[in-house]
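Topology and contacts: notes
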Amino acid sequence: TQLLEQSPQFLSIQEGENLTVYCNSSSVFSSLQWYRQEPGEGPVLLVTVVTGGEVKKLKRLTFQFGDARKDSSLHITAAQPGDTGLYLCAGAGNYGQNFVFGPGTRLSVLP
Amino acid sequence: DAGITQSPRHKVTETGTPVTLRCHQTENHRYMYWYRQDPGHGLRLIHYSYGVKDTDKGEVSDGYSVSRSKTEDFLLTLESATSSQTSVYFCAISGRGAGRLTDTQYFGPGTRLTVL
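In this report, we go over the structure that sits alongside the text. Bear in mind that the values here come from a model prediction, so they are computed numbers and not experimental data.

Points about the overall build of chain A
A tally of helices and strands in chain A yields zero helices and 11 strands. Ordering the α and β elements of chain A from the N terminus gives β-β-β-β-β-β-β-β-β-β-β. Judged by the C-alpha coordinates and their principal axes, chain A covers about 45 × 30 × 20 Å. Classification of the 111 residues of chain A by burial places 45% in the buried group. Looking at chain A alone, contacts between residues at least 24 apart form 55% of all its contacts between residues at least 6 apart. Approximately 5,300 Å² of chain A is accessible, and the part contributed by carbon and sulfur atoms is 50%. Mean positive and mean negative side-chain charge positions of chain A (8 and 9 charges, respectively) differ by 5 Å.

Some details on the interface of chain A and chain B
Across the contact, 19 residues belong to chain A and 19 residues belong to chain B. Summing both sides of the interface, chain A and chain B together bury roughly 1,400 Å²; the carbon and sulfur share of this comes to 56%. The largest contributions to the chain A side of the interface with chain B come from Asn98, Phe99 and Phe101 of chain A, which together make up 38% of the buried area. At the junction of chain A and chain B, the tally comes to one residue pair in polar contact (both at pLDDT 80 or more). When residues of the side of chain A that touches chain B are traced back to their parent elements, those giving at least two are strand 4 (31-37), strand 5 (44-49), strand 9 (85-92) and strand 10 (99-101) of chain A. Looking at side-chain class alone, the side of chain A that touches chain B contains nine nonpolar, nine polar and one charged residues.

Concerning the nonpolar core
By size, the foremost hydrophobic cluster in this structure holds 21 residues, and its most contacted members are Leu19, Leu32, Trp34, Phe63, Leu74, Ile76 and Leu107 of chain A. Those elements that place two or more of their residues in this core are strand 3 (19-24), strand 4, strand 5, strand 7 (61-65), strand 8 (71-76), strand 9 and strand 11 (105-110) of chain A. Within the second largest apolar cluster, 19 residues are counted, among which are Ile4, Leu21, Val60 and Ile93 of chain B.

A word on the layout of surface pockets
Empty space within the largest pocket amounts to approximately 540 Å³. Contributing to the lining of the largest pocket are 27 residues, with Gln37, Leu86 and Arg106 of chain A together with Gln37 and Pro39 of chain B lying nearest its centre. Among the secondary structure elements, those contributing two or more residues to the lining of the largest pocket are strand 11 of chain A together with strand 4 (29-38), strand 9 (87-96) and strand 11 (111-115) of chain B. Here the lining of the largest pocket takes three residues from strand 9 of chain B, the largest share from any one element. Considered class by class, the residues forming the lining of the largest pocket number eight nonpolar, 13 polar and six charged.

A few points about the environment of Thr86 of chain B
Residue and element names in this part refer to chain B. Topologically, Thr86 is positioned in the loop between strand 8 (73-78) and strand 9. Of the residues examined, Thr86 reaches a relative accessible area of 30% and is grouped as partly exposed. Spatially, the C-alpha atom of Thr86 lies 10 Å from that of Thr15, the residues being 71 residues apart in sequence. The contacts of Thr86, once residues within four sequence positions are left out, are Arg36, Asp38, Leu113, Thr114 and Val115.

Cut-offs applied
Residues numbered from 1 in each chain as written. Chains lettered and ligands numbered in written order. Predicted model: local features only at pLDDT ≥ 70, side-chain atom pairs only at ≥ 80, totals over all residues. Heavy atoms only, no water. Helix = DSSP H or I, 4+ residues; strand = E, 2+ residues; numbered from the N terminus. Buried < 20%, exposed > 50% of the residue type's maximum accessible area, 1.4 Å probe, protein only. Contact = heavy atoms within 4.5 Å. Areas by Shrake-Rupley, 256 points an atom, 1.4 Å probe, with all protein chains shown as cover. Lys, Arg positive; Asp, Glu negative; His and termini not counted. Charge placed at Lys NZ, Arg CZ, Asp CG, Glu CD. Buried area = accessible area lost by both parts, 1.4 Å probe. Polar contact = N/O pair within 3.5 Å; in protein donor to acceptor, adjacent residues only side chain to side chain. Nonpolar A, V, L, I, M, F, W, Y, C, P; charged D, E, K, R; others polar. Core = buried A, V, L, I, M, F, W, Y, C linked by side-chain atoms within 4.5 Å. 1 Å grid on protein atoms, 1.4 Å probe; cavity = no way out; pocket = protein on both sides within 12 Å on 5 of 7 lines; lining within 4 Å. Points joined across faces, edges and corners; volume = space filled by probe spheres on them.

Everything listed here is a matter of geometry and, on its own, says nothing about what the molecule does.
What follows is the structure in structure tokens.
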């Protein structure tokens, strides 16, 4: 069974600070996705990374896929209160398996 | 946004009663999924469908059944609800047309189910 771990579980920071959250596994994934979920809503896809070592930027968010495709990180620069939410990573297996989701990092950005 | 609706959005029921949740999509997505979300567990796959009348079990399928008689509708049934099935249930879709199983998933707004 493929498992994904995320750290930290909770993070509370002040507006303007930088932060990094991590998604780790002992398994190799063919692709990895990051979602943000706000209270009372379903997750919304932020990015998909598919190549080992790949870096993608989405405004103040930088996503990196590990060289071995077992881990990923999300870095937020100058966090804003609008970044508050639950950040989920999800990995897709090499053989067409369904996505496996991590437990999430709950981020709170205080004004 | 992919058009996905879930009904009901909230439900309170008693142990032992049957419950059916509905997911409806207005896009031509091949795959449909039911997940449950619980604190500390993230999203766990219950069942999924890869076409009309084609379904398969996910990680936590015990106590749940599904049906897909039309491309646009995917039903999740709890035959006899238990308190451990109190959760938030999300439907997701992926694979417009003949897409792959691991294409981008789009999620519905969720159904909050409480079993007393």
